[in-house]
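The residues making up each chain are set out below.
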Amino acid sequence: MDEKDLDWRGTTLEDIKMFPNEVKKDVGFELHKIQNGHNPTHYKAVNRWGAGVIEIKIKGDDGEYRVVYVAKFVEAIYVIHAFQKKTQQTSPKDVNIIIERYKAVIEERRKLT
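Reference entry: report on the structure contained in this document. Quantities reported herein were computed from a predicted structural model and do not represent experimental measurements.

Rules used in this analysis
- Residues numbered from 1 in each chain as written.
- Predicted model: local features only at pLDDT ≥ 70, side-chain atom pairs only at ≥ 80, totals over all residues.
- Heavy atoms only, no water.
- Helix = DSSP H or I, 4+ residues; strand = E, 2+ residues; numbered from the N terminus.
- Expected span 1.5 Å × (residues − 1).
- Buried < 20%, exposed > 50% of the residue type's maximum accessible area, 1.4 Å probe, protein only.
- Arc of directions from axis to C-beta.
- Contact = heavy atoms within 4.5 Å.
- Pairing = 2+ DSSP bridges.
- Axes fitted to C-alpha atoms, helices over the stretch in contact; angles between N-to-C directions.
- Core = buried A, V, L, I, M, F, W, Y, C linked by side-chain atoms within 4.5 Å.

### Side note on helix H3 (residues 92–112)
Here's step 1: Between the first and last C-alpha of H3 there are 30 Å, a value that for 21 residues agrees with the 30 Å anticipated at 1.5 Å per step.
Here's step 2: Looking at H3, one finds that the buried residues are Asp-94, Val-95, Ile-98, Arg-101, Tyr-102 and Val-105. Buried residues in H3, looked at end-on, bunch into an arc of 140 degrees, giving them a common side. Counted as exposed and oriented over 90 degrees from the buried face of H3: Pro-92, Lys-93, Arg-110 and Lys-111.
Here's step 3: On its buried face, H3 is in contact with helix H1 (12–17), strand S3 (53–60), strand S4 (63–70) and strand S5 (76–85).

### Description of the sheet that holds S5
Here's step 1: Ordered in space as S1-S5-S4-S3-S2, the five strands form an open sheet in which the pairing is mixed. Every interior strand has two partners, whereas the edge strands, strand S1 (5–8) and strand S2 (43–45), have only one. The mean inter-strand angle of the sheet, taken between neighbouring strand axes irrespective of direction, is 30 degrees.
Here's step 2: For S1 and S5, the ladder comprises four bridges, and the chain directions are parallel. Bridged to Leu-6 within S5 is Ile-77.
Here's step 3: Against the sheet, H3 engages S3, S4 and S5, with an angle of about 170 degrees to S5.

### A closer look at the pairing of S4
Here's step 1: Here S4 lies mainly inside the structure; six of its eight residues are buried.
Here's step 2: The sheet contact formed by S3 and S4 spans eight bridges and is antiparallel. The residue of S4 that forms the bridge with Ile-54 is Tyr-69.
Here's step 3: Where S3 hands over to S4, the hairpin turn is made up of two residues, counted between the paired strands.
Here's step 4: Pairing analysis gives seven bridges linking S4 to S5, with the strands arranged antiparallel. Bridging across to S5, Tyr-69 finds its partner in Val-79.

### Quick look at the nonpolar core
Here's step 1: If you look at the biggest cluster of nonpolar residues, it comprises 15 residues, and the most contacted ones within it are Phe-19, Val-27, Ile-56 and Val-67.
Here's step 2: Put simply, the parts of the chain that give this core at least two residues each are helix H2 (21–35), S3, S4 and S5.
Here's step 3: When residues in this core are grouped by element, the largest group, four residues, is from H2.
Here's step 4: The contacts of Phe-19, once residues within four sequence positions are left out, are Lys-24, Val-27, Tyr-65, Arg-66, Val-67, Ala-82, Phe-83 and Gln-84.
Here's step 5: Residues Val-68, Ala-76, Ile-98 and Tyr-102 belong to the second largest nonpolar core, which totals 14 residues.

### Re the side chain of Arg-9
Here's step 1: Considering the arrangement of structural elements, one finds Arg-9 in the loop between S1 and H1.
Here's step 2: Under the relative-accessibility criterion, Arg-9 is labelled buried at 10%.
Here's step 3: When residues no more than four places from it in sequence are discounted, the contact partners of Arg-9 are Tyr-78, Val-79, Ile-80, Arg-101, Val-105 and Glu-108.

Here you go:
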C-alpha cells in the first residue's frame, strides 16, 4: 500500500506549526500512521461533523490538542482542522470550521466526478 498524501485545509498546517514541539512531534507521528493505513493512538470518530470525520486526541504539557481529518477517500487524507482544546466541549467556533471545511472537501470532490 502506498503512503497517502496529506491535503491541508485552511490554516491547519500553520496552526499545527504553532503547537509546542512535543505536540508537533506527536501530530507528525500520528499522521504518518494514518498515511500508512493505521489508526492513530487516541482518536474518536465524530460523524455529526461529517461522515468519516476523525479527531486525533493529543495530550500536551499545557493541555489537550486535536487534529481533525478525513481519510475515507482514496486520493488523500484531508487534514481539516487543528486546535488546542480549552474546555471539555469542543467550541462552536471549532465545530463550525470543521463542518465548513468538510463540506468544501465534499463539494470539491463532487465537481471532479
